[in-house]
Amino acid sequence: MTVRRLDPVLVDRIAAGEVIERPAAAVKELVENAIDAGARAIAVTIAAGGRELIRVVDDGIGMSPEDLALAVERHATSKLPDGDLFAIQSLGFRGEALPSIGSVARLAITTRRREAGQGHSLVVEAGEKGVVRPAPAAQGTRIEVSDLFIFTPARLKFLKSDRAEAQAVSDMLRRLAIAHPAIRFSLDGDHVTGFDWPAEPLGEEGQLRRLSRALGRDFPENALRLDAAREGFGVHGFAGLPTFHRGTSAGVHLAVNGRPVRDKLLLSAVRGAYADVVPSDRHPVLFLDVSCEPRLVDVNVHPAKSEVRFRDPALVRGLVVSGLKAALAEAGHRATTTGGARTLEAFRAVFAGAGGNSSIQRPVLPGAPAWAPASAGLAEARQAGFTGFAQPSADARAHLAEPAPDALDRPLGAARAQVHETYILAQTRDGMVIVDQHAAHERLVYERLKAERARTGIARQPLLLPEVVELDPVDADRLNAAAPELASLGLVLEAFGPGAVLVREAPSALAGGNLQKLVRDVADTLAEHGDSGSLERRLDHVLATMACHNSVRAGRRLRPEEMDALLREMEVTPNSGQCNHGRPTYVELKLSDIEKLFGRR
């Protein structure tokens, strides 16, 4: 076969396979063009998931008849005035979208510039360009794409259901709307939940308002402001609290100079920053925008422009990780406000199950007179949900132990009781707090060990009688290979024949603990995380295991002063709102919500 030059229409269809892979990709290209045109309002309408119809209407600057005729030609664009690919300041720049769409669908464009007396229209079908004609039009541009892929029917077989394609359009438009809150975005069509988000004012308040629409009304009160900069790069946005997490990464929104991306480097940085505080099977909720000079980032590395390449990737990754960690540390003991809401919902479910049962069993506290049973006339069905509650393990009621004068005004309040020898009940000025004592103390010990390691190294204590721990030979070899790392954490081990190690020194904080179980758990931790991640991350996993062994266990009775000391330490310890496994350490119930629960409001 001889080499031949391909037909221009066939060239456009090949290019469309790279640029327009599904309806959402077509919508993305058209909406990005509208944003580049200075639109303040963009309306998108789809039918059959975008397969039958895509309509994008904007109020941007519009096009002249000459520009309209040229815009549907391949590699024609207004966005590279000097041809410099390393100074791109727009979302689009290749000049491929309109000719690619026109080669696989029916494309109709109507446009008018602000100063023009009338608009003009143009139709492109199967790559064949029509004639530019006068047409009535409002300022801006209206583009309709009908019968997408009608001229490449094989591509239709690879599309998903109309509902799935419509959802992809919605997700894509939401990402663009989050990155550009000053623009009004609307979506309408079948198989999709439409929305109409008004333009927001520039600044923090406007960005939070747009994020509340996209990520949920609870996001603003569970978000942390992030502003960090280093050597020409900046990262700005809002990051959700660690306990405000979700089961998928759909809540992770990233942008570079206003361009939404799903960049592997940035996603890895987010995972690294949250690795210490979010469960491995959960994902944070956030929006971050990395800003820099256009020459410091290459956006022309992916057909869909969803990935970028930074000139200094290590610097950007370090900036995102350090910025997120600093924001999370500054949050201190804060936990998500939705924890209290879930707790109240659980109580309501109990009350609903209690129905009209009016028998109430009241617990008798040690050392306190038994309460007289309530008369039938005063019994309240709502309180029947508390039937069967265990006796408090420790009593710190006001008439027995007066709290410090300012304790009720502290964020976590004053300890009042311990329930099931596991949960601390504390009273605040406007509500109550329920603390999981083991989860909370585990985080406190972990943060203490990390700070000690960074400051002077973890103090260790030689054992009077070294302890032999028998293990599976593979686990023993793994521990021996990690011996230098473990020694830096205060755990000094030596090989002791096949399938055993000898513990000579242990961290001082773990003195008197069960070293047999600790060593076995450390071996399991190394098996799970030893071959992945950085050395610091592996050490953090081992420290978390050690902290778990030195924590106040569930089932241990605490004195009132011990409970208050735990609350005070939580208030000043970074990340104390969640344990080492990412679970919340406490929930807060506001008095107004409790009163609603009992029908007092």
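Everything numeric in this text was worked out from a predicted model, so none of it was measured. (Residues numbered from 1 in each chain as written. Predicted model: local features only at pLDDT ≥ 70, side-chain atom pairs only at ≥ 80, totals over all residues. Heavy atoms only, no water.)

Draft legend 1. Structural context of the pattern of salt bridges. Here the structure, examined in full by the defined rule, presents 33 salt bridges. Across the pair D162 and R51 runs a salt bridge, and its minimum N-O distance is 3.3 Å. Placement of D162 in helix 6 (residues 162–179) and of R51 in the loop between strand 1 (41–47) and strand 2 (53–58) is noted, with a sequence separation of 111 residues between them. By relative accessible area, D162 is classed as partly exposed at 22%. For R51, a relative accessible area of 28% gives the class partly exposed. Here E561 ties to R559 by a salt bridge, and the two come within 3.0 Å at their closest N and O atoms. Overall, R559 belongs to the partly exposed group, its relative accessible area being 47%. Each of D406, R410, D564, R568 and E571 takes part in one network of salt bridges that share partners. (Salt bridge = Lys/Arg side-chain N within 4 Å of Asp/Glu carboxyl O. Helix = DSSP H or I, 4+ residues; strand = E, 2+ residues; numbered from the N terminus. Buried < 20%, exposed > 50% of the residue type's maximum accessible area, 1.4 Å probe, protein only.)

Draft legend 2. Broad picture of the sheet that holds strand 11 (residues 233–240). Across the sheet, five strands lie side by side as 10-11-14-12-13; this open sheet has mixed pairing. Looking at which strands have only one partner, the edges of the open sheet turn out to be strand 10 (223–230) and strand 13 (259–261). Neighbouring strand axes in the sheet, compared pairwise and without regard to direction, differ in orientation by 20° on average. Sheet analysis places strand 12 (residues 252–256) next to strand 13, joined by three bridges and oriented antiparallel. Its bridge partner being in strand 13, A255 is matched across the sheet by P260. (Pairing = 2+ DSSP bridges. Axes fitted to C-alpha atoms, helices over the stretch in contact; angles between N-to-C directions.)

Draft legend 3. Seen up close, the packing of helix 12 (residues 473–481) against helix 14 (residues 515–529). Two elements in contact, helix 12 and helix 14, have axes separated by 9 Å at closest approach and are oriented at 85°. What the angle tells us is that helix 12 and helix 14 run roughly perpendicular. Contact with helix 12, carried on its side by D475, R478 and L479, involves V519, V522, A523, L526 and A527 of helix 14 and no other residues of that element. (Parallel < 35°, antiparallel > 145°, perpendicular 65-115°, else oblique. Contact = heavy atoms within 4.5 Å.)

Draft legend 4. Examining the nonpolar core more closely. Core analysis: the biggest nonpolar cluster contains 98 residues, and V31, I42 and F185 have the highest contact counts within it. With sequence-adjacent residues up to four places away left out, V31 is seen in contact with I42, V44, V56, L173, L176 and F185. (Core = buried A, V, L, I, M, F, W, Y, C linked by side-chain atoms within 4.5 Å.)

Draft legend 5. Local environment of the packing of helix 8 (residues 264–274) against helix 9 (residues 313–330). Close contact between helix 8 and helix 9 brings their axes to 9 Å; oriented N to C, the two are set at 35°. Seen from above, helix 8 lies across helix 9 with right-handed handedness. Contacts between helix 8 and helix 9 involve L265, L266, S268, A269, V270, G272, A273 and Y274 from the first element and P313, V316, R317, V320, V321, L324, K325 and L328 from the second. Within the contact of helix 8 with helix 9, the residues separate by chemical class into twelve nonpolar, two polar and two charged. (Left-handed = near helix turned anticlockwise from the far one by under 90°. Nonpolar A, V, L, I, M, F, W, Y, C, P; charged D, E, K, R; others polar.)

Draft legend 6. View of the packing of aromatic side chains. Scanning all chains against the criterion turns up three aromatic pairs. Here the aromatic rings of F233 and F310 are separated by 6.0 Å at their centres, their planes lie at 75°, and the arrangement is edge-to-face. Within this pair, whereas F233 is found in strand 11, its partner F310 is found in strand 16 (residues 309–310), the two being separated by 77 residues in sequence. Owing to a relative accessible area of 5%, F310 belongs among the buried residues under this scheme. (Phe/Tyr/Trp six-rings, centres within 6.5 Å; stacked < 30°, edge-to-face > 60°.)

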